[in-house]
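Reading the structure
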Amino acid sequence: MNLRVLICGEEGDAQRCVRELRSRGVAAACRVTGTRAEFAQALAEGWDVILSGYRMRDFTVLDALKILKSRAVAAPLLVVANAIGEQAAVDCMRAGAAGFVNSSDLTRLLPAVEQAVKEAQEREARDRAERERSREMESHRAMVQHSLAGFFRSTISGKLLDCNHAFASIFGFESAAEIKALPITKLYRSLADREALIE
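Quantities reported herein were computed from a predicted structural model and do not represent experimental measurements.

Rules used in this analysis
Residues numbered from 1 in each chain as written. Predicted model: local features only at pLDDT ≥ 70, side-chain atom pairs only at ≥ 80, totals over all residues. Heavy atoms only, no water. Helix = DSSP H or I, 4+ residues; strand = E, 2+ residues; numbered from the N terminus. Buried < 20%, exposed > 50% of the residue type's maximum accessible area, 1.4 Å probe, protein only. Pairing = 2+ DSSP bridges. Right-handed = clockwise from strand over helix to strand, strands pointing away. Salt bridge = Lys/Arg side-chain N within 4 Å of Asp/Glu carboxyl O.

Not every positive phi belongs to a glycine, and Ala72 is a case in point at roughly 55°. Looking at the element boundaries, Ala72 is found in the loop between α3 (61-70) and β4 (77-81).

Side chains on a regular strand alternate between the two faces of the sheet. Side chains of strand β3 (residues 49-52) alternate between two faces, with Val49 and Leu51 and Ile50 and Ser52 buried alike. Across 4 bridges, strand β1 (residues 2-8) lies against β3 in parallel orientation. From the neighbouring strand, Leu6 faces β3, where its bridge partner is Ile50. Pairing analysis gives 3 bridges linking β3 to β4, with the strands arranged parallel. In the sheet register, Ser52 faces β4, and the bridge partner there is Val79. Taken together, β3, α3 and β4 constitute a β-α-β crossover, and its handedness is right-handed.

Turning our eyes to something else, we now look at the pattern of salt bridges. Under the definition given, this model contains 7 salt bridges. Residue Arg131 pairs with Glu124 through a salt bridge whose shortest N-O separation is 3.2 Å. Overall, the relative accessible area of 40% leaves Arg131 in the partly exposed class. Under the relative-accessibility criterion, Glu124 is labelled partly exposed at 29%. Of the charged contacts in the structure, one is a salt bridge between Glu132 and Arg135, with a shortest N-O distance of 2.7 Å. With a gap of 3 residues between them, Glu132 and Arg135 both fall in helix α5 (residues 109-145), about one helical turn apart. Assessed through its relative accessible area of 34%, Glu132 is described here as partly exposed. Put simply, Glu124, Arg128 and Arg131 are held in one network by salt bridges that share partners.

On their own, these measurements won't tell you what the molecule is for.
In structure tokens form, the structure reads like this:
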């Protein structure tokens, strides 16, 4: 397993994490940062996972999480520290931490890293698919709006939900907004025509 790991904390603690990962067969390319400025600068390099102590020299893990959020960094952050208290743990989770590993027992580090990376990859895949769907929908909407053919959407009960300009023009309206104020049943010669379409 190849991982790019950004570590926030003291050099000694960071090296313990690196040794643990490498002893479990992980090819870990790591960088250690100890200050806010170093951390912020390192983010530009791109990382698979971030390991952070709770309190560094001039900032805390909560500050680190705020920076990640402000920059829309997708890499998950795991807090690696001794017991920090229930409220502090809740605050970290609310701020976006992917999980916790007790620094006195690093045997849980690799499973936690693997889980955090997997969840981040799945989340990115979902976001990418959603962005693609949004682009396709926008492209389809633009095509429909500029089409010379009339298109509309309505409920079964007859409420007109949407239509393009061509559809409005067919019925003598200047805009889609005008025609959408009418029940769609008004646009048929008879209710029988409407019922036949629905069937």
